[in-house]
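# Notes for the structure review
Here is what each chain is made of, one letter per residue.
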Amino acid sequence: MEMISYNCPPSGHVLVKKSPNLCQSKLSLIKTHKILCTGIDFRSGFSGYCISNKLFSKNLDHGKGSSSLDAVEGLKSANSKKVLSGNYDGYVIDGEEDAGSISSHGETKTKVLIPGLPDESDGESGAPISSCFWELKPKFNVHYEKAGCENLSSPAVLFLPGFGVGSFHYEKQLKDLGRDYRVWAIDFLGQGMSLPFENPTPSSKEGCTTEGKDRSWGLGDEAEPWASELVYSLDLWQDQVCYFVEQVIREPVYVVGNSLGGFVAVYFAACNPHLVKGVTLLNATPFWGFLPNPIRSPRLAKIFPWSGSFPLPESVRKLLEVVWQKISHPESIAEVLKQVYADHSTNVDIVFSRILETTQHPAAAASFASIMFAPQGQLSFGEALSRCKMNGVPICLTYGKEDPWVKPVWGLQVKRQLPEAPYYEISPAGHCPHDEVPEVVNYLLRGWIKNLESEGSIALPLLDDTESIQYSIARDVEFVREGSKKSVSVTFYGSKFSLWNSIGSYIKSRFGRLESKSS
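On a predicted model such as this, the values are computed, not experimentally measured, just so you know. (Residues numbered from 1 in each chain as written. Predicted model: local features only at pLDDT ≥ 70, side-chain atom pairs only at ≥ 80, totals over all residues. Heavy atoms only, no water.)

Moving on, we get to the overall build of the protein chain. A tally of helices and strands in the protein chain yields 15 helices and 14 strands. In the protein chain, buried positions account for 53% of the 519 residues. In the protein chain, of all internal contacts separated by at least 6 residues, the share reaching a separation of at least 24 is 75%. About 23900 Å² of surface is accessible on the protein chain, with carbon and sulfur atoms providing 53% of the total. (Helix = DSSP H or I, 4+ residues; strand = E, 2+ residues; numbered from the N terminus. Buried < 20%, exposed > 50% of the residue type's maximum accessible area, 1.4 Å probe, protein only. Contact = heavy atoms within 4.5 Å. Areas by Shrake-Rupley, 256 points an atom, 1.4 Å probe, with all protein chains shown as cover.)

Written out as structure tokens, the structure is:
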């Protein structure tokens, strides 16, 4: 294993102006930041469980009789037809005009063939991924993964993970998009591989059981000086992302966030618009934290005796012992994954094993408690969106329609607040569309970035030209995965789309079908 250690240039090279109240940092900057990088794949170190054949049933037809040759023939036949959106490898391969393919305003539902992920079996290699550790400050090491750093003139893209996962959840984006862009994915402090490497509360009373004394950190009675003000909160993660962009990436970025990562992405962009070229939300959660923010509501915050800091109160430690055993059990983790993935044939073995591996870290339980009891951010999700709109930060919305947690209505509320933001709804897809249908998400990301980089001269993904669609348009998107064809539906909502419009169109279509049957 080759390990490289080097120092970043002093952070003073980046001058940043921040509001003294809103985005005041909780972690002081240091002049030298150590980064450790290695090509070793950390994902291969845990294989104790395999659940894809036990808890996930394959219930979708992927056209097993088809092969990648069909896709090649489709591309050949498409050469004489129009290339969608200028130049990013999307081809119209078929046009259907039956009753089920017409959108509410007469737009034809067109079938589009898009590229699949890099297929190593055919000699098409993805971008190599490097795992790195960045020392934010003493005792705070941030784990991240990167790809495509040789693409010096290409835009920088930063991926932010959801709760309970980490940079490993974006492996399919790093390998694919890393061929064209410079791509990073980080683990939030307190999650993934960004957990502390020392016990924040070393105490003789640590742990609730004899076994717990040897393997549980953060359950002591006194906090170490470096952990005395530690709370794993939105404000901490916003600061972490800000420092990472300033000191590691060192230029404005496109930020992509799923679930919790979507909230952090909007929060970061609202506080630091000069560091953001655009934000893509993947089923972003519009709320986080239950307790009041001490800066925003100081009097109300005083009512609550504890808000995620170290050490944990005795009552919380006792509750944690019971709760943690339940939620960290392999069957519980598998059940959660089964809920959030709409396509149960998706291979989640790597995601499952990495989540399970994280739960076995000695600091995981106490970090979980800190996250759950941390206060809300200084900005709400809606306020952060408003600031992004005011500062002209471009936002793209991409949502899995079958998400059982952040249902489409939440995405449509964001669309209502930002009517000009492109909104793509993918079906079938659940809470993590980037992992479930990465081909589609990567295609949309590429197209949206090219639209922004070209200042609009290249059309948005799945649109035929640079004219905006005012209402909605649907496309059947097809790609090849493991030699078989797979198809999903993607609906684009334009600037004048409304929920009432959608309901009216649905009623009209239902009456239309009833009339055709009766006649």
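After presenting the structure, the write-up continues.
Attention now goes to empty space enclosed by the protein. By the definition in use, this model includes one cavity of 30 Å³ or more. By volume, the largest cavity is sized at about 50 Å³. Lining of the largest cavity is provided by K139, F140, N141, L189, G190, S194, L195, P196, W226 and Y232. Partitioned by chemical class, the residues of the lining of the largest cavity number six nonpolar, three polar and one charged. (1 Å grid on protein atoms, 1.4 Å probe; cavity = no way out; pocket = protein on both sides within 12 Å on 5 of 7 lines; lining within 4 Å. Points joined across faces, edges and corners; volume = space filled by probe spheres on them. Nonpolar A, V, L, I, M, F, W, Y, C, P; charged D, E, K, R; others polar.)

The next subject is the side chain of T359. Topologically, T359 is positioned in helix α9 (residues 349–359). T359 sits in the buried class, given a relative accessible area of 16%. There is a polar contact of 2.6 Å between the side chain of T359 and the backbone oxygen of L356. Leaving out residues up to four positions away in the same chain, T359 has contacts with W324, S328, I333 and A364. (Polar contact = N/O pair within 3.5 Å; in protein donor to acceptor, adjacent residues only side chain to side chain.)

Time to look at the pairing of strand β8 (residues 182–186). Most of β8 is tucked away: five of the five residues are buried. Burial along β8 is two-sided: R182, W184 and I186 and V183 and A185, pointing in opposite directions, are all buried. Relative to β8, strand β7 (residues 156–160) runs parallel, the two being bridged by four bridges. Along β8, the bridge assignment pairs L158 with W184. Regarding the hand of the β-α-β motif, the stretch spanning β7, helix α2 (residues 171–177) and β8 is right-handed. (Pairing = 2+ DSSP bridges. Right-handed = clockwise from strand over helix to strand, strands pointing away.)

This paragraph deals with the confidence of the model for the protein chain. Per-residue confidence for the protein chain gives a mean pLDDT of 81; residues scoring 70 or more make up 72%. Residue range residues 1–25 is modelled with pLDDT below 50. Its contacts to residues more than four positions away, or to other chains, number 53 contacts. Ignoring residues within four places in sequence, the model shows residues 206–213, a span with pLDDT below 50, making 13 contacts including any to other chains. (pLDDT = per-residue confidence, 0-100.)

The full count for this structure, using the stated rule, is 15 salt bridges. Across the pair E198 and K139 runs a salt bridge whose closest N-O atoms are separated by 2.7 Å. Separated by 59 residues along the polypeptide, E198 in the loop between β8 and α3 (210–215) and K139 in the loop between β5 (130–137) and β6 (140–147) bring together distant segments of the chain. E198 sits in the partly exposed class, given a relative accessible area of 30%. By relative accessible area, K139 is classed as partly exposed at 27%. Between D176 and R446 there is a salt bridge, and its shortest N-O distance comes to 2.8 Å. Remark: R446 occurs in helix α14 (residues 438–453) and D176 occurs in helix α2; sequence separation between them is 270 residues. Residue D176 shares its accessibility class with R446, and that shared class is buried. (Salt bridge = Lys/Arg side-chain N within 4 Å of Asp/Glu carboxyl O.)

Right, let's get into the nonpolar core. Residues L158 and W237 are the most contacted members of the largest nonpolar core, which totals 76 residues. In this structure L158 touches W184, A185, I186, V241, F244, V245, I249, V253, Y254, V255 and V256, once residues within four positions along its chain are discounted. Counting 38 residues, the second largest nonpolar core, distinct from the first, contains I114, L282, I449 and V477. (Core = buried A, V, L, I, M, F, W, Y, C linked by side-chain atoms within 4.5 Å.)

This next bit is on the packing of aromatic side chains. All told, the structure shown has 16 aromatic pairs when counted by the stated rule. Measuring from ring centre to ring centre gives 5.6 Å for W134 and F244, while their planes differ by 75 degrees; the resulting arrangement is edge-to-face. Taken together, the residues span a long stretch of sequence, with W134 in strand β5 and F244 in helix α4 (residues 234–249) at a distance of 110 residues. Note on accessibility: W134 and F244 belong to one class, buried. A centroid spacing of 6.1 Å and a plane angle of 70 degrees characterise the contact between Y254 and W448, whose relative ring orientation is edge-to-face. Placement of the pair is Y254 in strand β9 (residues 253–258) and W448 in helix α14, with a sequence separation of 194 residues. The two residues Y254 and W448 agree in class, both being buried. Among the aromatic residues, those joined into a cluster by ring pairs are F163, W288, W324 and F368. (Phe/Tyr/Trp six-rings, centres within 6.5 Å; stacked < 30°, edge-to-face > 60°.)

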